[in-house]
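One-letter residues, chain by chain:
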Amino acid sequence: MEIIAIILLILLVGSMLTFLIDSFSSKLTGITAFLFSLAASVVFFTQIPSGYQFKFQLAGLDLQWGLTDYSYYFAYIIFGMSVLALLYSIKYMEGKGRLGYFYGSFLLTILGMFGVVISQDFVSLFIFWEIMTWASFLLVIYNAYYKVKTKGVKYMIFSAIGAYAMLTAIVFIRVHYDTLLISEAIAKGAFNFEQYIYIPIFLLLGFSIKAAVMPFHVWAPSAYSKSPMSFTTIFSGAMSKMGVFGIGLVFTSIYLGTNPENFYWVRTILGWLGGITAVMGTIYALIQTDAKKLLAYSSVAQLGYIVVGLSTGTKLGIMAALYLTVIHAVFKGALFMVAGAVEKQAGTTDMTKISGLIRRMPWTFLVALVSIIALAGMPPVGGFVGKWLLYEALITESNNYILVVVVFFSSTAAFLYSYRFLYGLFLGQEEKDTKDVKEAPITMLIPMLILMIIAIVSGAVPGLIFEPAAKAMEAIGFQDVTWQMSSLTNLWGDTTNLGLISMLIGAVFVIVFVFITLKGYKNTKDVGTKDISTSGEIPKEWENLSFQQDFFQPFQRAAAPLYSMNMNKIWKNLGENLEAFFGFFRKLYTGNGQTYALYVVIFLVVLLLFKDVIFS
């Protein structure tokens, strides 16, 4: 049996076994899912080299599976994040019901994602895409109450739109180019907007929805925040990258085509959609009081940066996008795990209800701090390298200075919600309700700490990501890709020498620590949220008067016009209008035979009156 088929079989058998095991031992369910994902990962990393292919026929169709350096790059993310997320899940999901349902769907989602990246024909791609979508939908609605189901329906509607768009493109490729192989379609120019413009547009629509590109992003915040946090780690960190994977395939054909300059407008549109996605995701993240919802909007914003990088069409821009693809999976996966740990230990992620957890959960805070630094693009962690490459690509190669300003604004504003996340959960006054909170279990801490270490190492030794990213770019058609083309690596080589910067940052922490100690840390008084000036008014018991409450109000007032542009309302109005439109035509079907006979007579009369026009 082929190695790829063995990996898929391991994941499928694991999915079915978790359903069975849960019926007599819920404690073993999570361990079983983890072991099967680990087994699949070990087989993948040790037995499948890049360039491996497997051809076969099914129902008369020539199908092909395999791994190029490009698909291998995304498979690293899938298996790396999946193993860590399932290890984290063992304790996170402890005590919850329907674990067989949860872990079975989880492994099917991994199977679907792996199937997407190994598919070298459109039939396999579409089948695995649907497996991934339906399995993830089951996890979005896992917390089965009304609001979650409503958000799940929204996710499924947009996923269906994307799937039908992809299927339409595949049918047209078969009709016009007589092939179902992705490589042959690219070679024949199916994606390059020259002959059949609707083919790449339909494909980009399907992939962009999964990547949560504006204006198709509205499903993402609710789906990310309502799913169990252990799955959201994969949802945001890996599954959203399947959209990036597809966009990269389509746009490479444009960049490397015979006349790429003729399609500047396509790149411009995608670039601005990415920039707007980054800004609006950031703007809405700022006003969230729930940490999960804040991270969900932040994920949308970070995906916008990746789309901007892909839109440049330059080697440096694509390199930035691929680098950010990995580093986003790392730090955002860690942050969702942090939110899940807080939820597990404190019972909520509402930043108006809990605060001051740094003393109770110091290791979780450390992971949050490093991951937030990576998210904000600050040295010495990997997020800094990714954003440097993106800015450099936009300034030196694309000359798109206005888009640079847009992306820089989003990145700068990200500092605000990063601060809110840290302060809201960890740095504020300690609440009485959380004084008995304990640190997260070790099986939840280990995956978080691993991701934190990766974020740090990727900043100090970016070549660990640059090397496979360069190979991935060459696999999709770019020639002589070298990551030394950035001024960052020209100055610092294959390792980023951030010794001085690291020492300065460390010195700041040391100075603050010494200052607090000298001031008399042990003698300071613990104050609650009510122990502040209230101008002579006595606050009610339920009133939260801490600094974290509404401290973004001035910004919200300044950005009020942006908040009025609510895409959810626009999509809702569109849906209601379509429902009314089709409702009108539904009234024509009365079920009365005489009415239908009248319709026939009217049709014949119209046909006779306009026969010369119709049949001329």
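Small disclaimer: the values here were computed from a predicted structure and weren't measured. (Residues numbered from 1 in each chain as written. Predicted model: local features only at pLDDT ≥ 70, side-chain atom pairs only at ≥ 80, totals over all residues. Heavy atoms only, no water.)

Enquirer: Run through the overall build of the protein chain, naming residues and quoting values.
Expert: In terms of regular secondary structure, the protein chain is built from 26 helices and 2 strands. The buried share of the protein chain, reckoned over its 616 residues, is 53%. Intrachain contacts of the protein chain at a sequence separation of at least 6 include 77% that bridge at least 24 residues. Put simply, the protein chain shows about 27400 Å² of open surface, and 67% of that area lies on carbon and sulfur atoms. (Helix = DSSP H or I, 4+ residues; strand = E, 2+ residues; numbered from the N terminus. Buried < 20%, exposed > 50% of the residue type's maximum accessible area, 1.4 Å probe, protein only. Contact = heavy atoms within 4.5 Å. Areas by Shrake-Rupley, 256 points an atom, 1.4 Å probe, with all protein chains shown as cover.)

Enquirer: Pulling in residues and values, what's your account of the pairing of strand E2 (residues 61-66)?
Expert: The sheet contact formed by strand E1 (residues 53-58) and E2 spans 6 bridges and is antiparallel. Bridging from a neighbouring strand, Phe56 pairs with Leu63 of E2. Hairpin connection of E1 to E2: 2 residues between the antiparallel strands, including Ala59 at a positive phi of 55°. (Pairing = 2+ DSSP bridges.)

Enquirer: Kindly report on the confidence of the model for the protein chain, identifying the contributing residues and their values.
Expert: For the protein chain, per-residue confidence averages 80 on the pLDDT scale, and residues scoring 70 or more make up 80% of the total. Per-element confidence in the protein chain ranges from a low mean pLDDT of 58 for helix H20 (residues 487-492) to a high of 92 for helix H3 (residues 69-92). (pLDDT = per-residue confidence, 0-100.)

Enquirer: Provide a residue-level description of the environment of Asp62, including the pertinent values.
Expert: Position of Asp62 among the secondary structure elements: in strand E2. Exposure remark for Asp62: the relative accessible area of 49% places this residue in the partly exposed category. Here the alpha-carbon distance between Asp62 and Asp121, two residues 59 residues apart in the chain, equals 8.3 Å. Those residues within four positions of Asp62 in sequence are excluded, and the remaining contacts are Phe56, Gln57, Asp121 and Leu181.

Enquirer: Any details on helix H18 (residues 442-460)? Residues and values, ideally.
Expert: Side chains of residues three or four places apart in an α-helix project in the same direction, reflecting 3.6 residues per turn. Between its first and last C-alpha atoms H18 spans 27 Å; for 19 residues at 1.5 Å apiece the expected length is 27 Å, and the two agree. Every buried residue of H18 is accounted for by Met444, Leu445, Pro447, Met448, Leu451, Met452, Ala455, Ser458 and Gly459. Turning to H18, the residues buried within the fold contact H3, helix H14 (315-346), helix H15 (362-376), helix H16 (382-397) and helix H19 (463-475). (Expected span 1.5 Å × (residues − 1).)

Enquirer: Run through the nonpolar core, naming residues and quoting values.
Expert: Ranked by size, the top nonpolar core spans 188 residues in total, and within it Trp219 and Phe421 carry the most contacts. Top contributing element to this core by residue count: H14, with 21 residues. With sequence-adjacent residues up to four places away left out, Trp219 is seen in contact with Lys154, Tyr155, Phe158, Ile209, Lys210, Ala212, Tyr224 and Phe235. (Core = buried A, V, L, I, M, F, W, Y, C linked by side-chain atoms within 4.5 Å.)

Enquirer: Tell me what's going on with the packing of H3 against helix H10 (residues 229-239), and back it up with residues and numbers.
Expert: Interhelical geometry of H3 versus H10 gives an angle of 165° and a closest axis separation of 8 Å. When the axis of H3 is compared with that of H10, the two are roughly antiparallel. As for the relative orientation of H3 and H10, their crossing is right-handed in sense. Where H3 abuts H10, its residues Ile77, Ile78, Met81, Ser82, Ala85, Tyr88, Ser89 and Tyr92 lie against Met229, Ser230, Thr233, Ile234, Gly237 and Ala238. Of the residues that constitute the contact of H3 with H10, the class distribution is 9 nonpolar, 5 polar and no charged. (Axes fitted to C-alpha atoms, helices over the stretch in contact; angles between N-to-C directions. Parallel < 35°, antiparallel > 145°, perpendicular 65-115°, else oblique. Left-handed = near helix turned anticlockwise from the far one by under 90°. Nonpolar A, V, L, I, M, F, W, Y, C, P; charged D, E, K, R; others polar.)

Enquirer: Can you break down the side chain of Ser371 residue by residue, with the values?
Expert: With respect to the helices and strands, the residue Ser371 is situated in helix H15. Relative accessible area serves as the criterion here: at 1%, Ser371 is assigned to the buried category. Once residues within four sequence positions are removed from consideration, Ser371 is found in contact with Phe331, Ala334 and Leu335.

Enquirer: For the pattern of salt bridges, give the residues involved together with the corresponding values.
Expert: The final tally for this structure, using the stated rule, is 2 salt bridges. We note a salt bridge from Glu94 to Lys91, for which the minimum N-O separation is 3.2 Å. Between Lys292 and Glu343 there is a salt bridge whose closest N-O contact spans 2.9 Å. Here Lys292, found in helix H13 (residues 291-312), pairs with Glu343, found in helix H14; they are 51 residues apart in sequence, far enough to count as distant. We classify Glu343 as partly exposed; its relative accessible area is 21%. (Salt bridge = Lys/Arg side-chain N within 4 Å of Asp/Glu carboxyl O.)

Enquirer: Lay out unusual backbone geometry with the relevant residues and their values.
Expert: At Arg98, a residue that is not glycine, the phi angle is positive and equals roughly 55°. Topologically, Arg98 is positioned in the loop between H3 and helix H4 (99-118). For Arg98, a relative accessible area of 41% translates into the label partly exposed. Of note in this structure, Asp178 is not a glycine but carries a positive phi near 55°. Topologically, Asp178 is positioned in the loop between helix H6 (146-177) and helix H7 (182-187).

Enquirer: Lay out the packing of H14 against H16 with the relevant residues and their values.
Expert: With their axes 8 Å apart at the nearest point, H14 and H16 run at an angle of 160° to one another. The orientation of H14 relative to H16 falls into the category roughly antiparallel. Classified by chirality, the crossing of H16 by H14 is left-handed. Counted together, Lys315, Leu316, Gly317, Met319, Ala320, Tyr323, Leu324 and Ile327 of H14 and Gly382, Gly383, Val385, Gly386, Lys387, Leu389, Leu390, Glu392, Ala393 and Glu397 of H16 form the full contact between these two elements. When its residues are assigned to classes, the contact of H14 with H16 shows 10 nonpolar, 4 polar and 4 charged.

Enquirer: Could you give an account of the packing of aromatic side chains, with specific residues and numbers?
Expert: Evaluated as defined, the whole model comprises 33 aromatic pairs. A centroid spacing of 5.5 Å and a plane angle of 75° characterise the contact between Tyr155 and Phe235, whose relative ring orientation is edge-to-face. With Tyr155 in helix H6 and Phe235 in helix H10, the pair connects residues that are 80 residues apart, well separated along the chain. Judged by its relative accessible area of 1%, Phe235 falls in the buried class. Aromatic ring contacts, followed pair by pair, group Tyr101, Phe102, Tyr103, Phe106, Tyr142, Tyr155, Tyr224, Phe231 and Phe235 into a single cluster. Against the face of Tyr142 rests Arg98, its NZ or CZ located 4.7 Å from the ring centre. (Phe/Tyr/Trp six-rings, centres within 6.5 Å; stacked < 30°, edge-to-face > 60°. Lys NZ or Arg CZ within 6 Å of the ring centre and 35° of its normal.)

Enquirer: Pulling in residues and values, what's your account of a nonpolar patch on the surface?
Expert: Residues Tyr589, Tyr596, Leu598, Tyr599, Val601, Ile602, Val605, Val606, Leu609 and Phe610 make up a contiguous nonpolar surface patch of roughly 990 Å² in combined accessible area. Counting through the fold element by element, Phe610 comes out in the loop between helix H25 (593-609) and helix H26 (611-614). On the accessibility criterion, Phe610 (45% relative accessible area) is partly exposed. (Patch = residues over 30% accessible without salt bridge, like charges linked within 9 Å, V, L, I, M, F, W, Y side chains within 5 Å.)

Enquirer: Tell me about the side chain of Ser119, residues and numbers included.
Expert: Note on placement: Ser119 falls in the loop between H4 and helix H5 (122-140). Here Leu125 takes part through its backbone nitrogen, which lies 3.4 Å from a polar atom of the side chain of Ser119. Sequence-distant contacts of Ser119, defined by excluding residues within four places in its chain, comprise Gln64, Trp65, Ser124, Leu125, Phe128 and Ile182. (Polar contact = N/O pair within 3.5 Å; in protein donor to acceptor, adjacent residues only side chain to side chain.)

Enquirer: Outline H16, listing residues and values.
Expert: Helix length check: H16 (16 residues) gives 22 Å between terminal C-alpha atoms against 22 Å at 1.5 Å per residue, within 8%. When H16 is considered as a whole, its buried residues turn out to be Gly382, Gly383, Phe384, Val385, Gly386, Lys387, Leu389, Leu390, Tyr391, Glu392, Ala393 and Leu394. At the C-terminal side of H16, Asn399 shows a positive phi close to 55°.

Enquirer: Got a sec to walk through the environment of Val338? Specific residues and values, please.
Expert: Mapped onto the elements, Val338 comes out in helix H14. According to the relative accessible area criterion, Val338 is buried, its value standing at 0%. In this structure, the C-alpha to C-alpha distance between Val338 and Lys292, residues 46 residues apart in sequence, is 9.7 Å. Contacts of Val338, omitting those with residues within four sequence positions, involve Thr364, Val367, Ala368, Phe421, Phe426 and Met448.

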